[in-house]
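The lines below spell out each chain.
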Amino acid sequence: MQIVDINCSKKYQIIIEKGIIDNLGNILNDYSDVNKFCIITDSNVSGIYNEKIKGIMSKCNAEIIYYTIEPGETSKSGEVYLKIMEFLAKNQFTRTDMLVAIGGGVVGDLTGFVASTYLRGVDFVQVPTTILAAVDSSVGGKTAINLKSGKNLAGTFHQPVKVICDSDMFDTLPKDIRRDGFAEVIKYGIVNDKELFDKLSGNIDIEYVIKKSVLAKARLVEEDEFDNGNRRLLNLGHTFGHAIEIAAEYKYSHGEAVAMGIVIVSKAAVAEGFLAKKEYDKIRKLIQTYGFNLEPEFTAERLYEIILLDKKREGENITLVVPFGIGDSRLVKLTLEEVENYLIEGLN
Ligand code: ADP
Ligand code: ZN
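Residues numbered from 1 in each chain as written. Chains lettered and ligands numbered in written order. Predicted model: local features only at pLDDT ≥ 70, side-chain atom pairs only at ≥ 80, totals over all residues. Heavy atoms only, no water.

## Side note on the coordination of the zinc ion (ligand 2)
Filter applied, for reference: In this listing, donors mean N, O and S atoms no farther than 2.8 Å from the metal, or 3.2 Å for Na, K and Ca; water is missing from the atoms, so a site can look incomplete. Under the DSSP-based scheme used, a helix requires at least four consecutive residues in state H or I and a strand at least two consecutive residues in state E, with every element numbered from the N terminus. Residue exposure (1.4 Å probe, protein chains only): buried if accessible area is under 20% of the type maximum, exposed if over 50%, otherwise partly exposed.
Here the zinc ion (ligand 2) is held by E184 (OE), H238 (NE2) and H254 (NE2), and the distances to it run 2.1 Å. Mapped onto the sequence, the donors of the zinc ion (ligand 2) take the spacing E-x53-H-x15-H. Note that E184 is positioned in helix α6 (residues 175-192) and H238 in helix α9 (residues 238-247), a separation of 54 residues in sequence. Per residue, the accessibility class of E184 equals that of H238, and both read buried.

## Here we look at the sheet that holds strand β2 (residues 11-16)
Rules: At least two bridges found by DSSP between two strands is the condition for calling them paired. In this description, a line fitted to the C-alpha atoms serves as the axis of each element, helices being fitted only across the stretch in contact, and the angle between N-to-C directions of two axes falls anywhere from 0 to 180 degrees. Note on contacts: a residue pair qualifies if any of its non-hydrogen atoms lie within 4.5 Å across the two residues.
The strand order across the open sheet formed by 7 strands is β1-β2-β9-β6-β5-β3-β4, and the pairing between neighbours is mixed. Looking along the sheet, the strands with just one partner apiece sit at the ends: β1 (2-7) and β4 (63-69). Geometrically, the sheet is characterised by an average inter-axis angle of 15° between neighbouring strands, direction not taken into account. Summarising the sheet, β2 and strand β9 (residues 162-165) pair through 4 bridges and their orientation is parallel. Counterpart to I16 in the pairing with β9 is C165. Docked against the sheet, helix α3 (residues 78-90) engages β3 (36-42), β4 and β5 (98-103), running at close to 160° with respect to β4.

## Describing the nonpolar core
Most often, soluble globular proteins keep nonpolar side chains buried together rather than apart. Stated precisely, the cut-off is as follows: The nonpolar core is taken to be a set of buried Ala, Val, Leu, Ile, Met, Phe, Trp, Tyr and Cys residues, with the residues joined through side-chain atoms within 4.5 Å. These domain limits were set by an automatic method or by a database of domain assignments.
Grouped together as the largest cluster of nonpolar side chains are 77 residues, with contacts concentrated most on I6, I14, I131, L200, I210, F240 and I287. Per-element accounting of this core gives the leading share, 10 residues, to helix α10 (residues 254-271). No fewer than three residues from each of domain 1 (2-172) and domain 2 (179-347) sit in this core. Not counting the four nearest positions on each side in its chain, I131 is found in contact with F170, L173, R178, G181, F182, V185, I206 and I210. In terms of nonpolar packing, the next biggest core, distinct from the first, is built from 25 residues, L28, F37, V45 and I164 among them.

Right under this line is the structure:
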């Protein structure tokens, strides 16, 4: 078992253990003031784990209600959000009741947003069932739904009361979704944890990997909960990755796009004299080992056009996360012209 203490505006624990889901009923019994838990999941997860979850929850003393959403990003919508809110109200869900999100990032973000707004805020427990959700959305308390105008445009900061991560549940993940989670894990290694990076080749210990990733993120989030300073290091590979997602009209998954983005910015860092070629080779090789396609079919001009529209642009500058070494990434403020140059260097 691995336990990570998160010290944001609210303190909570992330508990990582094989098979821990079997104890969920007992863990929830600790919250003795709760009369009702609402389990929110998606139909893929409930398709695999429904029987198990029902069995486990029968050990829980409180009343349990269930809400299952369709899998996928389209469920992070205003419509689904309101349906869940109405469902809770109809079931007389009160301020002292608790939501439990069992699923990937979609279920987690949506449940978190419901939790932060229903009756001006109720508690929630997160059970991340994808690697991405375990290492990304379980730390930092960002909740969100999508608007027609863009992803995650409505959201809040709302920390869970506990995160329960059962690494056995990753065994049922489709291969590409599992791989996508590793794009973010590799990112943490390059940002601030060389030891994690080095442990990602060969046989990996998944509990260790989740713990180290969560710690890597927690270090940055705790000092910058509301996302203005060093937390931006978590954007490594994301500025270019996000442009690739848009250029490809989301044909690439987030993980694939981020993997490409990391390679582009690392290659540019070599050209700029910041990163040793040897380190770049290691980064590229590790990313390739995980089966990512590293040949985006876009020109620097096309990606630059998209970046000019980026909401993170600060007037005539963009702060880019640049690796100076594995485990040592830094924020570099660039002019738009320099960003274009990075893209040319990174893609050539
Ligand atoms: P994310 O990858 O951002 O965490 P999702 O919530 O969209 O995003 O999850 C990705 C996909 O994986 C969804 O189709 C979801 O239903 C499915 N999924 C989530 N957890 C599991 C699991 N443990 N086993 C099998 N499929 C899962
Ligand atoms: Zn990401």
